[in-house]
Amino acid sequence: RYSFERLQKQSIHGEIISQSTDRRINAPCYNPRMDINNRYKKILLFVCCVAGFLTPFLTSGVNIAILAMGLEFGVDAVRLSWITTATLLSMAIFLVPAGKVGDIWGHRNVLLFGIVLVFASATLMPIVPNFPLLLLLRMFQGAGGALIAASTMALISSTFEKEERGRAVGIYIA
């Protein structure tokens, strides 16, 4: 049983829906902090949009530097094609398991780990001494991209109500 001095439940627009004063009830109290507020939703959508932009940006950005990488490492065109292929193959392999890991450990944690993995591999890439290590980092970057892709849409779907979800997904996809 819960005791309240004053409980007001407000709608999204601020008008009072129900009010109770000094009575004991069996239901848990309405806590406005339990509701996900609009500010949190906007921050989450912004983070998901930026994170969702990372993987395609880094994948296509490396294509510009492939010629310079070939000259630096002294590799032929066939081996250079593995730079892009390693990322895409790794992303395809880890996308479904990333969704399951997100269901188990939480999509927020998976998103954060994916962002860290992408940033760590992108930061270490300019200082790699040989070509196989570059491919390994590209595979890690693809795995991080899979973690990001699997968790962003799940976070958006679970955070936004049915009425707001279409708009949020549209902003994320655009």
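Refer to the structure presented above.
Residues numbered from 1 in each chain as written. Predicted model: local features only at pLDDT ≥ 70, side-chain atom pairs only at ≥ 80, totals over all residues. Heavy atoms only, no water.

(A) Looking closely at the environment of Y40. Locating Y40 in the fold gives a position in helix α1 (residues 38-64). For Y40, a relative accessible area of 39% puts it in the partly exposed group. (Helix = DSSP H or I, 4+ residues; strand = E, 2+ residues; numbered from the N terminus. Buried < 20%, exposed > 50% of the residue type's maximum accessible area, 1.4 Å probe, protein only.)

(B) Broad picture of the packing of aromatic side chains. In total, this model carries two aromatic pairs according to the counting rule given. On the numbers, 5.3 Å between centres and 20° between planes, the contact of F53 with F57 is stacked. One end of the pair is F53 and the other is F57, both in helix α1 and four residues apart, which spans about a single turn. (Phe/Tyr/Trp six-rings, centres within 6.5 Å; stacked < 30°, edge-to-face > 60°.)

(C) Geometry of the side chain of T159. One can find T159 in helix α5 (residues 131-159). By relative accessible area, which is 7% here, T159 ends up buried. At 2.7 Å, the side chain of T159 forms a polar contact with the backbone oxygen of L155. (Polar contact = N/O pair within 3.5 Å; in protein donor to acceptor, adjacent residues only side chain to side chain.)

(D) Broad picture of the pattern of salt bridges. Applying the stated criterion across every chain yields a total of two salt bridges. K41 is the salt-bridge partner of E161, the closest N and O atoms lying 2.6 Å from each other. In this pair, E161 sits in the loop between α5 and α6 (162-173) while K41 sits in helix α1, placing the two residues 120 residues apart along the sequence. Among the salt bridges present, the one from E164 reaches K41, with a minimum N-O distance of 2.7 Å. With E164 in helix α6 and K41 in helix α1, the pair connects residues that are 123 residues apart, well separated along the chain. Accessibility expressed as a relative area gives 26% for E164, which makes it partly exposed. Residue class for K41 comes out buried when judged on its relative accessible area of 4%. What emerges from the salt-bridge pattern is a single network uniting K41, E161 and E164. (Salt bridge = Lys/Arg side-chain N within 4 Å of Asp/Glu carboxyl O.)

Don't take any of this as a statement about function, it's just geometry.
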